[in-house]
Amino acid sequence: MSVKTEMLGGRLPLLDPQALSIGQKEIYDRLNTTMIPWADGAHFKSKTDGGRLIGPFNPILFSPHISARFLDLHDGEEKDTSLSERVRQVVILSVGAVWKSEYELYAHTAAAREAGISEDAIRTLTTGGLPDELSDQEKIAQRYARQLSAEHRVEAALYKIAEHAFGKQGLVEMTYLIGIYHIVCSLLNAFEVPAPGQEV
């Protein structure tokens, strides 16, 4: 493995698929049947040519038992949410912009593109802005996600607008999504995981 490839792990070594514990192998196999094909479909890099996982997927392998529960939450949100995919990607990019999380913004720029969000809107979202061309509902989602992520509160006026737009269930689901990506960004930023092409 090249030095440049190894640097994709940030502060953690990229784990060798041939040297995983039983628990790590279970998580590795789960990711390879769920998240990695999704990443491939969205056209962003999630593993090396040698099969080592990158992005948040490598840190996840280090604690397989807790990670299994986290993946249950992640997969459940994705499967059962009432939020549209466009709204989900607006929320995720808004969280990533607050965290300035390189890999998260890299990956979800690709996912947002797949969801039909324009390049201009994506660029604005990744820098923390509110694109004019988003729908009213998407703009509310951006404001809610950004305010909760940056200020750790949602002011009453915005909450009322968001509740009207998404309903109580939708806001709970959006808040779960925000929390999930706070965990993802925590893993990426704590271990200084770069996006491919941004290795230092």
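Located above this text is the structure these notes cover.
Residues numbered from 1 in each chain as written. Predicted model: local features only at pLDDT ≥ 70, side-chain atom pairs only at ≥ 80, totals over all residues. Heavy atoms only, no water.

Draft legend 1. Expanded view of the pattern of salt bridges. Under the criterion given, the structure shown has twelve salt bridges. The salt bridge partner of Arg-88 is Glu-85, with a shortest N-O separation of 2.9 Å. In this pair, Arg-88 and Glu-85 are both assigned in helix H6 (residues 85-99), three residues apart and thus about one turn of the helix distant. Arg-88 gets classed as buried once you look at its relative accessible area, which sits at 3%. Among the salt bridges present, the one from Glu-138 reaches Arg-86, with a minimum N-O distance of 2.7 Å. One end of the pair, Glu-138, is in helix H9 (residues 136-151); the other, Arg-86, is in helix H6, with 52 residues separating them in the sequence. Owing to a relative accessible area of 6%, Glu-138 belongs among the buried residues under this scheme. Through salt bridges with shared partners, a single ionic network connects Arg-30, Asp-72 and Asp-75. (Salt bridge = Lys/Arg side-chain N within 4 Å of Asp/Glu carboxyl O. Helix = DSSP H or I, 4+ residues; strand = E, 2+ residues; numbered from the N terminus. Buried < 20%, exposed > 50% of the residue type's maximum accessible area, 1.4 Å probe, protein only.)

Draft legend 2. Representation of H9. Over its 16 residues, H9 extends 22 Å from the first C-alpha to the last, a length consistent with the 22 Å expected when each residue adds 1.5 Å. Of the residues making up H9, those classed as buried are Glu-138, Ile-140, Ala-141, Gln-142, Tyr-144, Ala-145, Gln-147, Leu-148 and Ser-149. Contacts from the buried residues of H9 go to H6, helix H8 (119-126) and helix H10 (156-190). Following H9 by one or two positions, His-152 adopts a phi angle in the positive range, close to 65°. (Expected span 1.5 Å × (residues − 1). Contact = heavy atoms within 4.5 Å.)

Draft legend 3. Region of interest: the packing of helix H3 (residues 35-42) against helix H7 (residues 102-114). Where H3 contacts H7, the axes come no closer than 9 Å and their chain directions differ by 65°. Of the possible angle classes, the one that applies to H3 and H7 is roughly perpendicular. Read as a crossing pair, H3 and H7 show a hand that is left-handed. Contact residues: Trp-38, Gly-41 and Ala-42 in H3; His-108, Ala-110, Ala-111 and Glu-114 in H7. Here the contact of H3 with H7 is composed, by residue class, of four nonpolar, two polar and one charged. (Axes fitted to C-alpha atoms, helices over the stretch in contact; angles between N-to-C directions. Parallel < 35°, antiparallel > 145°, perpendicular 65-115°, else oblique. Left-handed = near helix turned anticlockwise from the far one by under 90°. Nonpolar A, V, L, I, M, F, W, Y, C, P; charged D, E, K, R; others polar.)

Draft legend 4. Quick look at the packing of aromatic side chains. Enumeration over the complete set of coordinates arrives at four aromatic pairs. Ring geometry for Phe-44 and Tyr-103: centres 6.3 Å apart, planes at 80°, overall edge-to-face. Placement of Phe-44 in the loop between H3 and helix H4 (57-61) and of Tyr-103 in helix H7 is noted, with a sequence separation of 59 residues between them. Residue Phe-44 is classed as buried on the basis of its relative accessible area of 4%. Exposure remark for Tyr-103: the relative accessible area of 2% places this residue in the buried category. These aromatic residues form a ring-pair network of at least three members: Trp-38, Phe-44, Tyr-103 and Tyr-106. (Phe/Tyr/Trp six-rings, centres within 6.5 Å; stacked < 30°, edge-to-face > 60°.)

The quantities given are spatial measurements derived from coordinates; they are silent on function.
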